[in-house]
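The lines below spell out each chain.
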Amino acid sequence: MKRLLSLTLFSILCAVATYADSDFARYFRDATLRLDYTFTGDSLHQQAALDEVIRQPGTWCGRRHHLDSFPTQGYAQLTLTDSLTGRLIYCHSFATLFQEWTGTEEAARRSRSFQNVVLIPEPRRSVVVSLTLRDFRDSIVCTYTHPLNPADILIRRAPASTAPVRTLISSGTPEECIDITFVAEGYTKKEMKKFYREAREATEALFSYEPFRSYRSRFNVRAVGCPSAESGVSVPRNADWRNTALSAHFDTFYSDRYLTTLHLKDLHDVLAGIPTEHIIILANTSTYGGGGIYNFYNLAATGHKYFLPVVVHEFGHSFAALADEYAYDDQYTEYFYPDREPWEANLTTLVDFPSKWADLVGTVDPVCGPVGTVEGGGYQSKGVWRPCADCRMRTNTCADFCPVCRRELLRLIRFYTE
């Protein structure tokens, strides 16, 4: 019942009539506010608190339409409501490392805190900000609401980033296009040529896949060369700690190949004033690993043979919230349960399969094979089904996204640009 109620609420919020760019100008300035939050808790109790509001240099580069609709559900949702009229004027969904951590064995033993940053268009007048966090059963576990007055004298103005920026794809203004930014991690000043070369290689790899290839003209891509004091990234299991720009490290949640940074404030300081909607961090290391979190960031190691397919795979996570389609069966916590339908587009528990890809069953993809229900996905070999035998979200050797993943990627490209 809780699942049905949450889906109904989500459907109602998404069904509110979207409004035109003229309404963006009515409610928002062409500017960006950065909301810094702290998420804290353990596996049973989670809390959120506002740390700081920062006025970013430059303009707002996010979407100016579909403002009152979520791109997809996500594990976290943020809304802005106009204080004067009570109208819902902005919706954003994402996922976080904190929420993922709450499903680990460590979270059953102790509390921790995590940084999180959300960028919003600057409202013209006071709004109410509401933040909701959900668990893996899709139950709401934390709600946090606070007022936001853009005239507040304690909103600090951030300095513009001094990191050098190179344009890799220029298709239009930030208002017109989706803005992807590559960020250097673990590259010294002497290694910046290597970073820019690898950023360009990753760009061409991403846009060799559909639907990105056909919609290349809707993207801008930049590379930000922030130097690190030391080359490489930290590998804690080897007692190898490096002084790098973003403090990224392997062994996140004690998983060898999980490469992340917990320093979200440092990351967004580096990007201040640079039009950015989707972040890809390139880590200068030959150790295999990476990570991608929906509307959070994508982080990939560049020095191994699967660098390029991993970047594309992780972008499937960070851009479109596509789930992993492989199985481990050694997870501390299950992410998908037999009594609820995953909100991720490329997995099903068959609870409500008609809402997923039933219309594509029988389609035969030349790379991924026939579309149907193949058991195994979301780290579980049983009880979760994926669309095809193989997909870019399953293995590093698959040469394409399956039709279901391609459709979701295309839906979001259109959501952001039409």
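Here, every reference points to the structure presented above.
Quick caveat: nothing in here was measured; it's all calculated off a predicted structure.

Caption draft 1: Focus on the sheet that holds strand β9 (residues 165-169). One open sheet holds the six strands; their spatial order is β9-β11-β10-β12-β14-β13, and the pairing between them is mixed. On the outer flanks of this sheet lie β9 and β13 (290-293), each paired with one strand and no other. Averaged over all adjacent pairs, the angle separating strand axes in this sheet is 20 degrees, with direction ignored. Here β13 pairs with strand β14 (residues 297-301) via four bridges, running antiparallel. Bridge assignment links Ile 293 to a residue of β14, and that residue is Tyr 297. Across the sheet, helix α4 (residues 192-206) lies against β9, β10 (178-185), β11 (219-224) and β12 (278-283), angled at about 145 degrees from β10, the strand it touches most.

Caption draft 2: Structural detail: the pattern of salt bridges. The full count for this structure, using the stated rule, is 29 salt bridges. A salt bridge links Glu 198 to Lys 194, with the shortest nitrogen-to-oxygen separation between them at 2.9 Å. One end of the pair is Glu 198 and the other is Lys 194, both in helix α4 and four residues apart, which spans about a single turn. With relative accessibility at 25%, the residue Lys 194 sits in the partly exposed group. As a salt-bridge pair, Arg 414 and Glu 418 come within 3.9 Å of each other at their nearest N and O atoms.

Caption draft 3: How the structure looks around the sheet that holds strand β2 (residues 46-56). The four strands are arranged β5-β1-β2-β8 in an open sheet whose pairing can be described as mixed. The two strands at the open ends of the sheet, each matched to only one other strand, are β5 (112-123) and β8 (156-157). Strand direction decides the pairing type here: strand β1 (residues 28-41) and β5, joined by eleven bridges, are antiparallel. In the strand pairing of β5, Phe 39 is matched with Phe 114.

Caption draft 4: Examining empty space enclosed by the protein more closely. Taken as a whole and judged by the stated rule, the model has two cavities of 30 Å³ or more. In this structure, the largest cavity encloses a volume near 40 Å³. Every residue lining the largest cavity is listed: Phe 39, Thr 96, Leu 97, Phe 98, Phe 114, Gln 115, Asn 116, Leu 262, Leu 264 and Phe 296. Of all the elements in the fold, those that place two or more residues in the lining of the largest cavity are α3 (97-101) and β5. It is β5 that provides the largest number of residues to the lining of the largest cavity, a total of three residues. Per-class residue counts for the lining of the largest cavity are seven nonpolar, three polar and no charged.

Caption draft 5: A look at helix α7 (residues 403-417). Over its 15 residues, α7 extends 21 Å from the first C-alpha to the last, a length consistent with the 21 Å expected when each residue adds 1.5 Å. Counting buried residues along α7, eleven of its 15 residues qualify, which places the element largely inside the surrounding structure. Of all the positions in α7, only Pro 403, Val 404, Cys 405, Arg 406, Glu 408, Leu 409, Leu 412, Ile 413, Phe 415, Tyr 416 and Thr 417 are classed as buried. Of the surrounding elements, those touching the buried residues of α7 are β10, β11, β12, α6 (307-320) and β15 (364-365).

Caption draft 6: Region of interest: unusual backbone geometry. The step from Glu 210 to Pro 211 runs through a cis peptide bond, and the omega angle for that step is 5 degrees. By the element assignment, Pro 211 lies in the loop between α4 and β11. One non-glycine residue with positive phi stands out, namely Asp 251, at about 65 degrees. For Asp 251, a relative accessible area of 12% translates into the label buried. Notably, Ala 321 is not glycine yet its phi reads approximately 60 degrees, a positive angle. Along the polypeptide, Ala 321 turns up in the loop between α6 and β15.

Caption draft 7: Just the packing of aromatic side chains, in detail. Scanning all chains against the criterion turns up 32 aromatic pairs. An angle of 85 degrees between the planes, with centres 6.2 Å apart, marks the rings of Trp 60 and Tyr 90 as edge-to-face. Here Trp 60, found in the loop between β2 and β3 (76-82), pairs with Tyr 90, found in strand β4 (residues 88-94); they are 30 residues apart in sequence, far enough to count as distant. According to the relative accessible area criterion, Trp 60 is buried, its value standing at 6%. Taking the centre distance of 5.2 Å and the plane angle of 15 degrees together, the rings of Phe 315 and Phe 319 count as stacked. Of the two residues, Phe 315 and Phe 319 both sit in helix α6, four residues apart, roughly one turn of that helix. Under the relative-accessibility criterion, Phe 315 is labelled buried at 1%. In this structure, Arg 166 is placed above the aromatic ring of Tyr 196, and the distance from its NZ or CZ to the ring centre is 4.0 Å.

Caption draft 8: Representation of the nonpolar core in the model. By size, the foremost hydrophobic cluster in this structure holds 71 residues, and its most contacted members are Leu 78, Leu 80, Ile 120, Leu 148, Val 183, Leu 267 and Tyr 297. Apart from residues lying up to four places away in sequence, Tyr 297 is in contact with Leu 97, Thr 260, Thr 261, Leu 264, Leu 267, Ile 279, Ile 281, Gly 291, Gly 292 and Ser 318. Ile 178, Phe 319, Cys 388 and Phe 415 belong to the second-largest nonpolar core, a separate cluster that totals 50 residues.

Reading the values: rules and limits
Residues numbered from 1 in each chain as written. Predicted model: local features only at pLDDT ≥ 70, side-chain atom pairs only at ≥ 80, totals over all residues. Heavy atoms only, no water. Pairing = 2+ DSSP bridges. Helix = DSSP H or I, 4+ residues; strand = E, 2+ residues; numbered from the N terminus. Axes fitted to C-alpha atoms, helices over the stretch in contact; angles between N-to-C directions. Contact = heavy atoms within 4.5 Å. Salt bridge = Lys/Arg side-chain N within 4 Å of Asp/Glu carboxyl O. Buried < 20%, exposed > 50% of the residue type's maximum accessible area, 1.4 Å probe, protein only. 1 Å grid on protein atoms, 1.4 Å probe; cavity = no way out; pocket = protein on both sides within 12 Å on 5 of 7 lines; lining within 4 Å. Points joined across faces, edges and corners; volume = space filled by probe spheres on them. Nonpolar A, V, L, I, M, F, W, Y, C, P; charged D, E, K, R; others polar. Expected span 1.5 Å × (residues − 1). Phe/Tyr/Trp six-rings, centres within 6.5 Å; stacked < 30°, edge-to-face > 60°. Lys NZ or Arg CZ within 6 Å of the ring centre and 35° of its normal. Core = buried A, V, L, I, M, F, W, Y, C linked by side-chain atoms within 4.5 Å.

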